[in-house]
Amino acid sequence: MTSPRFPSATILGYPRIGPSRELKRAVESYWAGKIDADELRSAERGLRLASYKRLRELGLTEAASIPESFSLYDQVLDVTVLLGAIPERFAGRTGYDLYFSLARGNDTAPPQEMTKWFDTNYHYLVPEIGPETPIGLADRGVVERFAEAREAGFDVRPTLVGPVTYLALAKAADGAPAEFSPLDRLDDVVDAYAELLGELAAAGAEWVQFDEPALTSDNLPAARSDLIAAAFRAWQQLAAVDPRPNILVTTPYGDASQAIPALTQTGVEAIHAAAGQLAPFAGSGVDFSEVVLVAGVIDGRNIWTADLGRAERSLQALEPLGAAGVSVSTTTSLQHVPYNTEVEKWDDPELDANLHEWLAFADQKVREVVVLAAGLTEGWGTIADEVRRSEDILARRSRSAGVVREDVRDRVAAVDESLRTRVEYAEREPKQRERLGLPPLPTTTIGSFPQTPQIRKTRAAFNRGEIDEAGYLEAIRAEIADVIALQEGLDVDVLVHGEPERNDMVQYFAELLEGFAVTSQGWVQSYGTRCTRPSILWGDVARTKPLTTEWTAYAQSLTDRPVKGMLTGPVTILAWSFVRDDLPIAQVADQVALALRDEIADLQAGGAAIIQVDEPALRERLPLAEEEHEAYLAWAVGSFRLATAVAEPSTQIHTHLCYSEFGQIIDAIDALDADVTSIEAARSRMEILPELAEHGYVRGIGPGVWDIHSPRVPSTEELTELIEAAVAAIPASRVWVNPDCGLKTRAYPETKATLENLVSAAKAVRGRLS
Ligand SMILES: CN1c2c(nc(N)[nH]c2=O)NC[C@@H]1CNc1ccc(C(=O)N[C@@H](CCC(=O)N[C@@H](CCC(=O)N[C@@H](CCC(=O)O)C(=O)O)C(=O)O)C(=O)O)cc1
Ligand SMILES: N[C@@H](CCS)C(=O)O
Ligand SMILES: [Zn+2]
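Residues numbered from 1 in each chain as written. Chains lettered and ligands numbered in written order. Predicted model: local features only at pLDDT ≥ 70, side-chain atom pairs only at ≥ 80, totals over all residues. Heavy atoms only, no water.

- Looking up the protein in an unreviewed UniProt entry gives the name 5-methyltetrahydropteroyltriglutamate--homocysteine S-methyltransferase, with the organism given as Peptidiphaga gingivicola.
- The heading Function (unreviewed entry) in the UniProt record of the protein holds the text "Catalyzes the transfer of a methyl group from 5-methyltetrahydrofolate to homocysteine resulting in methionine formation." (UniProt positions renumbered as here; feature names shortened; annotations may be inferred.)

Pasting the structure below:
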């Protein structure tokens, strides 16, 4: 059989939020009632067609080379709607009302849970699948979008989350029997996908892409071998559908090596994996003769100009395998990188010139793919100039001032275990207790208070030069004073300054540290309409001035209660930035840790008795391959300890973790050696606590009792129950009472109401302690 022609160049997906966050604005306007459903539909369509046009201009000109990878909110939610796998509580809803209710909840129903998409900072909505959940082809949006593109003159490739990945990411619906696994419903999902394939074929689709990243992960509830076996079965069944479009199955994010042999035997026409994972199959006996290899050679996660010579060599290494054809692609969807470096302007002229040539955002990556595909199809000699140019850029980058700083390198080289080690907790604990004099079950919050539109507007006005620095600083001080007064009025025990000066908990630090650059337009979707601008860590990192001390000191000057110093930890700073690829990550982490260590020393010298160092991304960056966990946790935990071990025994170090399942990293959480750890727990109703207790965790713990992802105000009774559950699992002397996470996405009415209930609940349980 001759395999059908797959385009020589493609990408797995393109950002969809819009180059100027048009999707965010349209959706939020719809929510606010400022535009109606027709206007939102038209905005969606406009964005999709603009993306296709742009991708064609960038060189994706072959049929099916442009992925139709749009999502209004989330690609996993899209499949839930496609399958009609709607939890009972949303019954009777349709269209946008259904879609956004699933995403955000409504008056009567809480939303679906949100969690991290593999090892990224993107969050998806967790499907809830039980034995009775309806599953069928319930929505034809994919087919309609294909037809819409075709009518506008674009031959696109519909792109969906694959059946195994969809179910592997689902959780069992409430009430499902204990032995039930969502994967038990695979046949039903396959039937629905089979029907969809038929409809796409009828609509004229030549290729369709299914993403199966679950096959690259050891971090999911199902064993990887089971997922691969399930995929083998599912894809054999789907390949047997007739008529259907040609199928590309992709395996992004982790290592696909274990899954590739099975996928080649299913009858699908093309498989995608990172080029470096495909090459070792040469001479292995695995038969690739009937499957096109779509090779991920351009990194979809990072933003550095590619070494095209290296990419050329890795494509050449696939030649013995690619009897049915090799195509050039990205390792992942480009949804994790911003659109275009060309719209950026950096203040420092040298950095501006450097960054423009060092960086490749989505559009630049598409060009890289197109150039490599030309080399592959027309001969490598035809792209020799581009290859040389990329090598010259990398050479210039390695020699640029600031990329290597001897002072920073020497300091990291001199780090030894003693710098990562505090005195024993047993010695610290009484000193901290005496210094702080807190009641049992102390109440606190995680750091941020609502980032009101007013604060954001003030910062935007300051950035545009419409108000001066003095005016901006005054506005932030006023906000801090309000937040302190509010917490005192509510009788919270340990206060925060509320983080109003921070645009983002990573970007704020990146703006103040040497070695980082920040973007003005480099938005990347984090979830739904929420975006971040990941910072760019391009050089050796150094702190040349304090980062937070003035704000903490100001807040502390307004109250006699302890105010927590508030920092973001090294792992999270790296996880939520684009990090240089020319230095081992452990060394980069130690550079950041040393900068934070100096800040902690200054906060301590300024009198801070409690310093919180947030590490919400600790679990997120856990490698998908189990054999890599140990090395990762060693540098991740080591860098946190390097930052924090400067604390005196009487200084209490807090950390905070959220947005993740923590079961797999309890040892690492313990090894951080923080005096108090606040952790997301409300949604899982404190499930983590028995695990912590069993593990022998002995330090302070603040299981979040308020799920801050929803505007819902939990009652005092509900909060009391959760606190009681906490003290049943962990000795009360170690329990703190706090929300799940920071309050920046919340508004003041629910914040005040809930904190009032939270303090009352803590007092009620406190009163009952013997
Ligand atoms: C805790 N989370 C974070 C993650 N990653 C981060 N890097 N940071 C995080 O806090 N990951 C896990 C979670 C969940 N994720 C998020 C992500 C993003 C938000 C959020 O609220 N994002 C805001 C943008 C935040 C920001 O950078 N604000 C800037 C710019 C403000 C802005 O948009 N200005 C407007 C003009 C304003 C006006 O005039 O009205 C503009 O530039 O157009 C700032 O405050 O200065 C978002 O809107 O998406 C939450 C949780
Ligand atoms: N201190 C941060 C942590 C968020 S994970 C906040 O409160 O927003
Ligand atoms: Zn958090």
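## Notes on helix H23 (residues 629-644)
No. 1: With 16 residues, H23 ought to run about 22 Å at 1.5 Å a step, and its terminal C-alpha atoms sit 22 Å apart, in line with that.
No. 2: Residues His-629, Tyr-632, Leu-633, Trp-635, Ala-636, Val-637, Gly-638, Ser-639, Phe-640, Leu-642, Ala-643 and Thr-644 constitute the buried set of H23.
No. 3: The secondary structure elements touched by the buried residues of H23 are helix H21 (570-575), helix H22 (585-605), strand S18 (610-614), strand S19 (652-657) and helix H24 (666-671). (Helix = DSSP H or I, 4+ residues; strand = E, 2+ residues; numbered from the N terminus. Expected span 1.5 Å × (residues − 1). Buried < 20%, exposed > 50% of the residue type's maximum accessible area, 1.4 Å probe, protein only. Contact = heavy atoms within 4.5 Å.)

## As for the packing of aromatic side chains
No. 1: All told, the structure shown has 20 aromatic pairs when counted by the stated rule.
No. 2: Centroid distance Tyr-52 to Phe-154: 5.5 Å. Interplanar angle 55°. Geometry classified as tilted. Of this pair, Tyr-52 sits in helix H2 (residues 37-57) while Phe-154 sits in the loop between helix H5 (141-151) and strand S5 (156-161); the two residues are 102 residues apart in sequence, bridging distant segments of the chain.
No. 3: Judged by relative accessible area, Tyr-52 falls into the buried class, the value being 2%.
No. 4: Accessibility expressed as a relative area gives 9% for Phe-154, which makes it buried.
No. 5: Ring centres of Trp-358 and Trp-538 lie 5.8 Å apart, and the angle between their planes is 50°; this geometry places the pair in the tilted category. With Trp-358 in helix H12 (residues 349-358) and Trp-538 in strand S15 (residues 535-542), this residue pair connects regions lying 180 residues apart in the sequence. (Phe/Tyr/Trp six-rings, centres within 6.5 Å; stacked < 30°, edge-to-face > 60°.)

## Some thoughts on the UniProt feature "binding site: L-homocysteine" (unreviewed entry) in the protein
No. 1: Using the residue numbers shown here, the UniProt feature "binding site: L-homocysteine" (unreviewed entry) corresponds to Ile-446, Gly-447, Ser-448 and Asp-614. Across 169 residues of sequence, these annotated residues stay compact in space, with a maximum C-alpha separation of 11.6 Å.
No. 2: With respect to the helices, strands and loops of the structure, Ile-446 is situated in the loop between helix H16 (425-436) and helix H17 (453-463).
No. 3: Once residues lying within four places of it in the same chain are set aside, the contact partners of Ile-446 are Glu-499, Met-566, Gln-612, His-656, Ser-678, Asn-738, Pro-739, Asp-740, Cys-741 and Gly-742.
No. 4: By the element assignment, Ser-448 lies in the loop between H16 and H17.
No. 5: With residues near it in sequence (within four places) discarded, Ser-448 still touches Gly-498, Glu-499, Gly-742, Leu-743 and Lys-744.

## With respect to the sheet that holds strand S9 (residues 270-274)
No. 1: One open sheet accounts for seven strands, arranged S1-S5-S7-S8-S9-S10-S11; its pairing is parallel. Two strands bound the open sheet, and with one partner strand each, they are strand S1 (66-68) and strand S11 (326-330). Pairwise comparison of adjacent strand axes, ignoring direction, gives a mean angle of 30° for this sheet.
No. 2: By the bridge criterion, three bridges tie S1 to S5 in an arrangement that is parallel. For Pro-67, the partnering residue across the bridge sits in S5 and is Arg-157.
No. 3: On top of the sheet, helix H11 (residues 308-316) reaches strand S10 (292-298) and S11; it is set at about 160° to S10, its chief contact. (Pairing = 2+ DSSP bridges. Axes fitted to C-alpha atoms, helices over the stretch in contact; angles between N-to-C directions.)

## A short note on the pairing of strand S21 (residues 700-703)
No. 1: Burial of S21 is two-sided: the residues Gly-700 and Gly-702 facing one way and the residues Ile-701 and Pro-703 facing the other way are all buried.
No. 2: Looking at chain direction, strand S20 (residues 676-679) and S21 are connected through four bridges and run parallel. By the bridge assignment for S21, Thr-677 is matched with Ile-701.

## Let's talk about the domain arrangement of the protein
Accessible area lost upon the coming together of the parts is a frequently used measure of interface size.
No. 1: If you check the domain split of the protein, you get domain 1 (22-399) and domain 2 (428-769).
No. 2: Taking the mean C-alpha position of each, domain 1 and domain 2 sit 33 Å from one another.
No. 3: Contacts between the two partners involve 39 residues from domain 1, matched on the other side by 37 residues from domain 2.
No. 4: For the domain 1 and domain 2 pair, buried surface summed over both sides reaches about 3,400 Å², with 55% attributable to carbon and sulfur atoms.
No. 5: Of all residues in domain 1, Met-114, Asn-121 and Asn-219 give up the largest surface area on contact with domain 2, accounting jointly for 18% of the area buried on that side.
No. 6: Where domain 1 meets domain 2, there are three salt bridges.
No. 7: Residue Arg-397 is joined to Asp-582 by a salt bridge in which the shortest nitrogen-to-oxygen separation is 4.0 Å. (Domains from an automatic or database assignment. Buried area = accessible area lost by both parts, 1.4 Å probe. Salt bridge = Lys/Arg side-chain N within 4 Å of Asp/Glu carboxyl O.)

## Description of the pattern of salt bridges
No. 1: With the rule as written, the count across this model stands at 53 salt bridges.
No. 2: Note that Asp-675 is salt-bridged to Arg-422, the shortest N-O span being 2.7 Å. With a gap of 253 residues between them, Asp-675 in the loop between H24 and S20 and Arg-422 in the loop between helix H15 (406-413) and H16 connect regions that are remote in the sequence. In this pair, the class of Asp-675 matches that of Arg-422, namely buried.
No. 3: With its nearest N and O atoms 2.6 Å apart, the salt bridge here joins Arg-768 to Glu-724.

## Observations regarding the side chain of Thr-159
No. 1: Residue position: Thr-159 is located in strand S5.
No. 2: For Thr-159, the side chain forms a polar contact with the main-chain oxygen of Arg-157, separated by 3.0 Å. (Polar contact = N/O pair within 3.5 Å; in protein donor to acceptor, adjacent residues only side chain to side chain.)

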